[in-house]
Structures are given as structure tokens and as C-alpha cells.
Amino acid sequence: MDFVGNHILSVGQFQRSDVNRIFSVADRMRPYAMRKRITRVLEGAIVSNMFFEPSTRTRVSFGSAFNLLGGEVRETTEVKASSLTKGESLYDTARVLSGYSDVIVMRHPEAGSVAEFAAASRVPVINGGDGPNEHPSQALLDLYTMREELRAQDRSLDHLRIALIGDLRYGRAVHSLCKLLCLYDDIHIHFISPPELEIPEEISLQLRNHGHQVTQFHRLEAGIHGVDILYVTRTQEERFPSQDEADKYRGLFRLNESIYTQHCEPNTVIMHPLPRDSRAQAQELDEDLNQNPNLAIFRQTDNGVLVRMALFALVLNVVEEVDNHAKPVTWFTAKRNLAEKM
Ligand code: NCD
């Protein structure tokens, strides 16, 4: 696809070559994320971060990514604080906001809302998550992380064996990830969820149509062996018709060190889009796994900055300019040492 000046709304826009392009630009962003070099390539550019649903990682990492490229970040983080509460339409908000910024990142609780907003925007819009529908940048950073983790084991994304665990019905990160996996060859997928929270039929059909092997499980222990990656998710309680309904599924699947050691092959990578629900009744990913070297959740969040920098650089057409605006960092930063482990 042509990235320049275009919206990023769904992973369905990408071919495998587009994903490769994003990943190779992300690789080039590493010295900037590690503070080895700084660049001012987006000096003067403004991103509007419009987050109408709770977010820490996605919002802050999109903001950091833009800052790391030298641009400025403006944030609107609550519907309450915006004119949407006064009855303003997405159309009007988009027309106005796009006059104030060069690119917009938007998260909204309704499926399709970001595309509706983008249709009225005069600047590129990146989908930061639209209800249960899609979360393209999360899926890209997840796939980028999988590629890195597998590479360390001399393997590639083709022939990947992965278990996706938890609320697969409402989890938009999983939905986008599955669609991206359709770009690769011979994937084996274990879907592990309660029967009521299975992956939507059209997504599992899409995977099968690409020749991937899909198996459904309703018990955690039954589906977690024989895979390279465990991708655990939180019950998306905000998407359920009522809290009581959501509570039925809380804590049903809990991955902890003992289950991992008993049932998984050595070096099985553990991922989660985060936040993990650490309340006592939930704990889908136990903190007793924190010291497990295969826990990749914080490598995922670090990689999120690289991937989001790549998206901005591609959409705003500065990929080839980044290094021309670079200079070495002279101030002390512990980040440079820490980031060696990124
Ligand atoms: C995910 C999301 O918002 O869909 N979080 C994130 O962006 N990292 C997953 C979740 O909230 O469970």
C-alpha cells in the first residue's frame, strides 16, 4: 500500500510486503528509541491523540513515538472533555481537529467509529482501537515481537504455532492479530476460551481459508502444549452487557508458573497485550511469571514505540529523512543501558 497521507484503520489494508516495510522502518528507529541518537525530523508537526476510552500504553507510546521524531503531541482523553458531549458529530469533530493537526490517533468505544471519523478528516487518521473491532498498531507490535522472539530461536513467522487465550469474542487485539496471521504460511492456532467467548466465526473461517490449522479448546491445560507462543488476554469487561455477565468469566483461565512448567514446551514465549488484570479474582497472567525469561510482555510494550514511530514516519513520508536530522545524544540517560535489553 501507499502509506503516505493515508489512514491506517484496519490490518486488512496490509499485504505481507507492507508489514515487512513497517518492520524494517521500525528496526531503523531503534537507536532513537534507545536514545543513542535524536532526530527532529517531525519538528513543527502536531499529532492529536484522541482517546475516548481508557488507555495507557497505546496513548503514551503513540505520543512518545511522535516526540521521539521531534513532533508535538496534543491530547484529548475523555468524551466528557470534548464537544462530543454537546452532541457534536464525529464528522464535525474530525473536520475541526484535522485543521489543528497533521495526523490524528483515535480510540473510540464503537466499532467502525474511527473509520467514520477518518472519512471526514483532512489529515491521516490511525486507529488506536475501535470498540471490539480492530487494534492495528497493537497487532503490528505483537507480530513484530513474535518475529523477534522467534528469530532468537532461529525460527520465522511461517509455521508458527500459537495459542490465543481468554476473551476472544471481544478482544480487538486478537481480531487484528488473526487477520495479520493470514498473511503468513502454515500457522497452527489454538483458540482457548469459554464457549460463549469464542473467536468470531468469520475470523476463524478466514484463517482456515488461508490453509491455517485452527483448533478450539475450552480448557487452558488442553491447549497450551505444542505451541511456540501463548498470547493471553484479559476479559474485556467493558464490552459486556452487564458487570454480572462479565464477572462470570473472571479468573476462569489463569496462567501461572506451575501450569506453564507442567504443560508448556521449554522456551514457549508468553505474551499479553496488557493491561493484565491483577485483581485477585482475575489474574489471567500471574505475577509469579515475572522472572520467567520467556515472558515477553515488556518487550512488547518497548517494541510498540518502534512500530508506532515507523507508522508516523511512513504516513508523514519522512523515512528517508530521519537520519539526516539526527545527532548523537550528549546527556546522560539510563535508558540507553536499559534499552540494550529491549
Ligand atoms: C488492549 C486494547 O485496548 O484493546 N490494550 C492495549 O491497547 N494494549 C487490550 C486490553 O485492553 O485488554
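### Looking at the sheet that holds strand β4 (residues 103–108)
Strands pair in a sheet through their backbones, by hydrogen bonds, and they do so in one of two ways: parallel or antiparallel.
At step 1: The strand order across the open sheet built from 4 strands is β3-β2-β4-β5, with neighbouring strands paired in parallel fashion. A single partner strand is all that each edge strand has here, and the edge strands are β3 (72–76) and β5 (125–130). Here the strands of the sheet are splayed against their neighbours by 15 degrees on average, with no regard to which way each runs.
At step 2: Bridge count between strand β2 (residues 46–51) and β3: 5 bridges; the pairing is parallel.

### Regarding the side chain of Ser101
At step 1: Locating Ser101 in the fold gives a position in the loop between α3 (90–100) and β4.
At step 2: In terms of polar contacts, Ser101 uses its side chain to reach the side chain of Ser48, at 3.1 Å.
At step 3: Here Leu97 takes part through its backbone oxygen, which lies 2.8 Å from a polar atom of the side chain of Ser101.
At step 4: With near-sequence residues (within four places) excluded, Ser101 lies in contact with Ile46, Val47, Ser48 and Val123.

### A look at the sheet that holds strand β9 (residues 229–232)
At step 1: An order of β8-β7-β6-β9-β10 is seen for the 5 strands of this open sheet, with the pairing classed as parallel. In this open sheet, the two strands that pair with only one neighbour each are β8 (213–217) and β10 (269–271). Recorded for the sheet is a direction-independent mean angle of 15 degrees between the axes of neighbouring strands.
At step 2: Strand contacts of helix α5 (residues 136–151): β6 (161–165), β9 and β10, with the helix running at about 155 degrees to β9, the strand carrying the most contacts.

### As for the site of the ligand
At step 1: Residues in close proximity to the ligand include Thr58, Arg107, His135, Gln138, Arg172, Arg234, Gln236, Pro273, Leu274 and Pro275, which together make up its full environment.
At step 2: Within the backbone of Leu274, an N or O atom sits 2.9 Å from a nitrogen atom of the ligand.
At step 3: Burial of the ligand by the surrounding chains reaches 93%, relative to a free accessible area of 310 Å².
At step 4: By residue class, the composition of the shell around the ligand is 3 nonpolar, 4 polar and 3 charged.

### Considerations on the pattern of salt bridges
At step 1: Applying the stated criterion across every chain, the model contains 23 salt bridges.
At step 2: Among the ionic pairs, Arg172 bridges to Glu53, the shortest N-O distance being 3.0 Å. Residue Arg172 is found in helix α6 (residues 172–181), and its partner Glu53 is found in the loop between β2 and α2 (57–68); the two are separated by 119 residues along the sequence.
At step 3: You can call Arg172 buried: its relative accessible area is 7%.
At step 4: For Glu149, the salt bridge is made with Arg299, and the minimal N-O distance between the two is 2.6 Å. Taken as a pair, Glu149 in helix α5 and Arg299 in helix α11 (residues 297–315) lie far apart in primary sequence, 150 residues in all.
At step 5: For Glu149, a relative accessible area of 12% corresponds to the buried category.
At step 6: Using a relative accessible area of 25% as the deciding quantity, one classes Arg299 as partly exposed.

### Structural notes on the packing of aromatic side chains
At step 1: Under the defined criterion, the tally for this structure stands at 6 aromatic pairs.
At step 2: An angle of 70 degrees between the planes, with centres 5.6 Å apart, marks the rings of Phe62 and Phe312 as edge-to-face. Highlighted residues: Phe62 in helix α2 and Phe312 in helix α11, separated in sequence by 250 residues.
At step 3: Ring geometry for Phe66 and Phe312: centres 4.8 Å apart, planes at 75 degrees, overall edge-to-face. Taken together, the residues Phe66 in helix α2 and Phe312 in helix α11 connect sequence positions 246 residues apart.
At step 4: Members of the aromatic cluster, connected to one another through ring pairs, are Phe62, Phe66 and Phe312.

### Digging into α2
What sets the pattern is the α-helix's 3.6 residues per turn: residues three or four places apart point alike.
At step 1: The terminal C-alpha atoms of α2, which comprises 12 residues, lie 16 Å apart, in line with the 16 Å expected from a rise of 1.5 Å per residue.
At step 2: Listed in full, the buried residues belonging to α2 are Thr58, Ser61, Phe62, Gly63, Ala65, Phe66 and Leu68.

### Digging into unusual backbone geometry
At step 1: Following Leu274, the chain continues into Pro275 via a peptide bond in cis, with omega recorded as 5 degrees.
At step 2: Among the secondary structure elements, Pro275 is positioned in the loop between β10 and α11.
At step 3: For Leu274, which is not glycine, the phi dihedral falls at a positive 65 degrees.
At step 4: Relative to the helices and strands, Leu274 is located in the loop between β10 and α11.
At step 5: Judged by its relative accessible area of 13%, Leu274 is buried.

### Notes on the domain arrangement of the protein chain
At step 1: Structurally, the protein chain comprises domain 1 (11–134 + 304–335) and domain 2 (136–298).
At step 2: Of note, the centres of domain 1 and domain 2, computed from C-alpha atoms alone, are 26 Å apart.
At step 3: The interface is formed by 29 residues belonging to domain 1 together with 24 residues belonging to domain 2.
At step 4: Carbon and sulfur atoms supply 58% of the area buried between domain 1 and domain 2, which totals about 2200 Å² over both sides.
At step 5: When the buried area of domain 1 at its contact with domain 2 is split by residue, Val11, Arg16 and Phe23 rank highest and sum to 29% of it.
At step 6: Inspection of the region where domain 1 meets domain 2 yields 6 salt bridges.
At step 7: Joining domain 1 to domain 2, the criterion identifies 12 residue pairs in polar contact (both at pLDDT 80 or more).

What counts, and at which threshold
- Residues numbered from 1 in each chain as written.
- Predicted model: local features only at pLDDT ≥ 70, side-chain atom pairs only at ≥ 80, totals over all residues.
- Heavy atoms only, no water.
- Pairing = 2+ DSSP bridges.
- Helix = DSSP H or I, 4+ residues; strand = E, 2+ residues; numbered from the N terminus.
- Axes fitted to C-alpha atoms, helices over the stretch in contact; angles between N-to-C directions.
- Polar contact = N/O pair within 3.5 Å; in protein donor to acceptor, adjacent residues only side chain to side chain.
- Contact = heavy atoms within 4.5 Å.
- Near = heavy atom within 4 Å.
- Areas by Shrake-Rupley, 256 points an atom, 1.4 Å probe, with all protein chains shown as cover.
- Nonpolar A, V, L, I, M, F, W, Y, C, P; charged D, E, K, R; others polar.
- Salt bridge = Lys/Arg side-chain N within 4 Å of Asp/Glu carboxyl O.
- Buried < 20%, exposed > 50% of the residue type's maximum accessible area, 1.4 Å probe, protein only.
- Phe/Tyr/Trp six-rings, centres within 6.5 Å; stacked < 30°, edge-to-face > 60°.
- Expected span 1.5 Å × (residues − 1).
- Domains from an automatic or database assignment.
- Buried area = accessible area lost by both parts, 1.4 Å probe.

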